[in-house]
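Single-letter residue listing:
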Amino acid sequence: MEVKTLTDQNLDDLLSNEGVCLVDIYADWCGPCQPFAKIFEKAAEEHEGISFFKVNADENPKFREL
């Protein structure tokens with residue numbers, strides 16, 4: 001399954017999902033975020049029943065409030 005990009009505009013997609021969701025909140029400048037992204041994408045490929053989302057916290061201010 002692919003990792004979907006989550007934004008302030010499509011947050012409702014995540015909130016209305018009835019299944020299990022994992023969200024990677026990252027920033028482009030974050031050193032540890034870069035290697036974790038590869039792990040997150042690999043996990044998405046291996047777990048079909050889970051929805052994987054990634055969100056750039058710098059571009060989506062709603063997520064800074066979480």
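Residues numbered from 1 in each chain as written. Predicted model: local features only at pLDDT ≥ 70, side-chain atom pairs only at ≥ 80, totals over all residues. Heavy atoms only, no water.

Trainee: Mind showing me how you'd approach the state of the cysteines here?
Mentor: In a disulfide, the sulfur atoms of two cysteines are covalently bonded to one another. Going through the model one piece at a time under the given rule, you end up with one disulfide. Free of any disulfide, Cys-21 has its nearest neighbouring cysteine sulfur in Cys-33, separated by 20 Å. (Disulfide = S-S within 2.5 Å.)

Trainee: Explanation requested: the packing of aromatic side chains in the structure shown.
Mentor: What describes a pair of aromatic rings is the distance from one ring centre to the other and the angle between the planes of the rings. On inspection of all chains with the given rule, the structure shows two aromatic pairs. Seen in terms of ring centroids, Phe-36 and Phe-40 are 5.8 Å apart; in terms of plane orientation they differ by 40 degrees. Their pairing is tilted. Separated by four residues within a single helix, Phe-36 and Phe-40 lie in helix H2 (residues 33-46), roughly one turn from each other. Accessibility expressed as a relative area gives 38% for Phe-36, which makes it partly exposed. Residue classification places Phe-40 among the buried residues on the basis of a relative accessible area of 6%. Their ring planes at 75 degrees and their centres at 5.1 Å tell us that Phe-40 and Phe-52 sit as a pair that is edge-to-face. With Phe-40 in helix H2 and Phe-52 in strand S3 (residues 50-56), the pair connects residues that are twelve residues apart, well separated along the chain. The rings of Phe-36, Phe-40 and Phe-52 are connected pair by pair, giving a single aromatic cluster. (Phe/Tyr/Trp six-rings, centres within 6.5 Å; stacked < 30°, edge-to-face > 60°. Helix = DSSP H or I, 4+ residues; strand = E, 2+ residues; numbered from the N terminus. Buried < 20%, exposed > 50% of the residue type's maximum accessible area, 1.4 Å probe, protein only.)

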